[in-house]
Amino acid sequence: MPLLLNVPFSQKDEAKALGARWNPQLKKWYVNNREEYHKFSKWFHNKDTNLIVSEHLYIAIGNQTCFKCKSDIKIILLAADNYTVIDDGSEVFDEEINFISNISNMPSNLQRFLNDNFKYCKRYSETSQSNYFANHCSNCGVFQGIRDNGPFFIDSEEKASELVLYAIKLKNDLELNGSADWGSLDWMIKEYATFKSLDLDL
Ligand SMILES: [Zn+2]
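Bear in mind that the values here come from a model prediction, so they are computed numbers and not experimental data.

(A) Representation of the overall build of the protein within the structure. Across its full length, the protein holds four helices and 15 strands. Its C-alpha radius of gyration of 18 Å places the protein within 12% of the 17 Å reference for a compact globule of 202 residues. Taking the principal axes of the C-alpha coordinates as reference, the protein spans close to 60 × 35 × 30 Å. Taken across its 202 residues, the protein has 44% of its residues classed as buried. When the accessible surface of the protein is totalled, it reaches about 10,900 Å², and 46% of it is carbon and sulfur. When the 22 basic and 28 acidic side-chain charges of the protein are each reduced to a single mean position, those positions are 9 Å apart.

Below is the structure:
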C-alpha cells in the first residue's frame, strides 16, 4: 500500500529522484518501499510522524474498572502488525500485533470516532509536558491510565482471549506519532483474541 506524500510542486524533481511516484488520479506523489520511508520524511503530512501503519489499524478493546466511580468501562489502545518506525532509518515490522501508546497525532476522523465511541481523547500530561491521547471513564469522565496488569498486558491465553480487536483495512499507509510497545506474549493476540472488521475511511 502506498504512503501518500505532501510534495510541493517546486520539489517534485527531488522527490522523483529519490524514487517517489506520481498517482494521476489522486494527483499526489507516493512511495511503496517501506525500507526507504525515512528518506521522504520531509514530505510527510505531519512533521511529527514517527510511526507509519500499513495494511490494518486495530482498535483493541479491553475491560477495566474505573478507579474513581468503580464502573465497569471499556478502554482501548490502537495496535498494528505491519508498521514502520521512522528515525534515522526505517525499521519495518511485519509480525505480531503490538500496541501503540503515547499517541500525539492521528487523522481527525479517527479522533472523532475514538472520542465518540470510547472517550479516547487528548489529555495534557504533566510528566511529558505534552498532549497525548488517553482513555477516560464513560461514566465519570476521569482519566484512565493503562495499568501494568490491565487488559493490554498479555501474559496468558486467557488474557488474550478477553480482547476484542476492530480491524480497519487501510487504503493508504497511515501516519502516526506514538510508540509501539512489545510484549513477549503479544503473538497470543492473533491466536486467541476476537477480531471484527470495521469500515472506517482513514
Ligand atoms: Zn468513572
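(B) Spatial organisation of the nonpolar core. In this structure, Val53, Ile59, Phe99, Met106, Leu114 and Tyr120 are the most contacted members of the largest nonpolar core, which totals 46 residues. Per element, the largest residue contribution to this core is seven residues, and it comes from strand β6 (residues 72-80). The next biggest cluster of nonpolar side chains, apart from the first, holds 13 residues, and it includes Leu3, Ala15, Phe40 and Ile52.

(C) Structural detail: the environment of alanine 17. By secondary structure assignment, the location of alanine 17 is in helix α1 (residues 12-17). Separated by 34 residues in sequence, alanine 17 and leucine 51 have C-alpha atoms that sit 24 Å apart.

(D) Inspection of the packing of aromatic side chains at higher detail. Enumeration over the complete set of coordinates arrives at eight aromatic pairs. Both rings, one in tyrosine 120 and one in phenylalanine 133, keep their centres 6.2 Å apart while their planes meet at 20°; by these two values the pair is stacked. Taken together, the residues span a long stretch of sequence, with tyrosine 120 in strand β10 (residues 120-125) and phenylalanine 133 in strand β11 (residues 130-136) at a distance of 13 residues. The class of tyrosine 120 is buried, set by a relative accessible area of 2%. Through successive ring pairs, a cluster of aromatic residues spans Tyr83, Phe93 and Trp182. Seen from the ring of phenylalanine 9, lysine 12 lies directly overhead, with NZ or CZ sitting 4.9 Å from the centre. Over the ring of phenylalanine 143 we find arginine 123; its NZ or CZ atom is 3.5 Å from the centre of that ring.

(E) Region of the structure containing the domain arrangement of the protein. What the domain assignment reports for the protein is domain 1 (1-45) and domain 2 (46-198). On a C-alpha basis, the centroid separation for the pair domain 1 and domain 2 is 27 Å. Of the roughly 1,300 Å² buried at the junction of domain 1 and domain 2 (both faces included), carbon and sulfur atoms supply 55%. Counting across the domain 1 and domain 2 interface gives one salt bridge. Note that aspartate 94 is salt-bridged to arginine 34, the shortest N-O span being 2.9 Å. One can count twelve residue pairs in polar contact (both at pLDDT 80 or more) joining domain 1 with domain 2.

Cut-off values and rules
- Residues numbered from 1 in each chain as written.
- Predicted model: local features only at pLDDT ≥ 70, side-chain atom pairs only at ≥ 80, totals over all residues.
- Heavy atoms only, no water.
- Helix = DSSP H or I, 4+ residues; strand = E, 2+ residues; numbered from the N terminus.
- Rg over C-alpha atoms; globule rule 2.2 N^0.38 Å.
- Buried < 20%, exposed > 50% of the residue type's maximum accessible area, 1.4 Å probe, protein only.
- Areas by Shrake-Rupley, 256 points an atom, 1.4 Å probe, with all protein chains shown as cover.
- Lys, Arg positive; Asp, Glu negative; His and termini not counted.
- Charge placed at Lys NZ, Arg CZ, Asp CG, Glu CD.
- Core = buried A, V, L, I, M, F, W, Y, C linked by side-chain atoms within 4.5 Å.
- Phe/Tyr/Trp six-rings, centres within 6.5 Å; stacked < 30°, edge-to-face > 60°.
- Lys NZ or Arg CZ within 6 Å of the ring centre and 35° of its normal.
- Domains from an automatic or database assignment.
- Buried area = accessible area lost by both parts, 1.4 Å probe.
- Salt bridge = Lys/Arg side-chain N within 4 Å of Asp/Glu carboxyl O.
- Polar contact = N/O pair within 3.5 Å; in protein donor to acceptor, adjacent residues only side chain to side chain.

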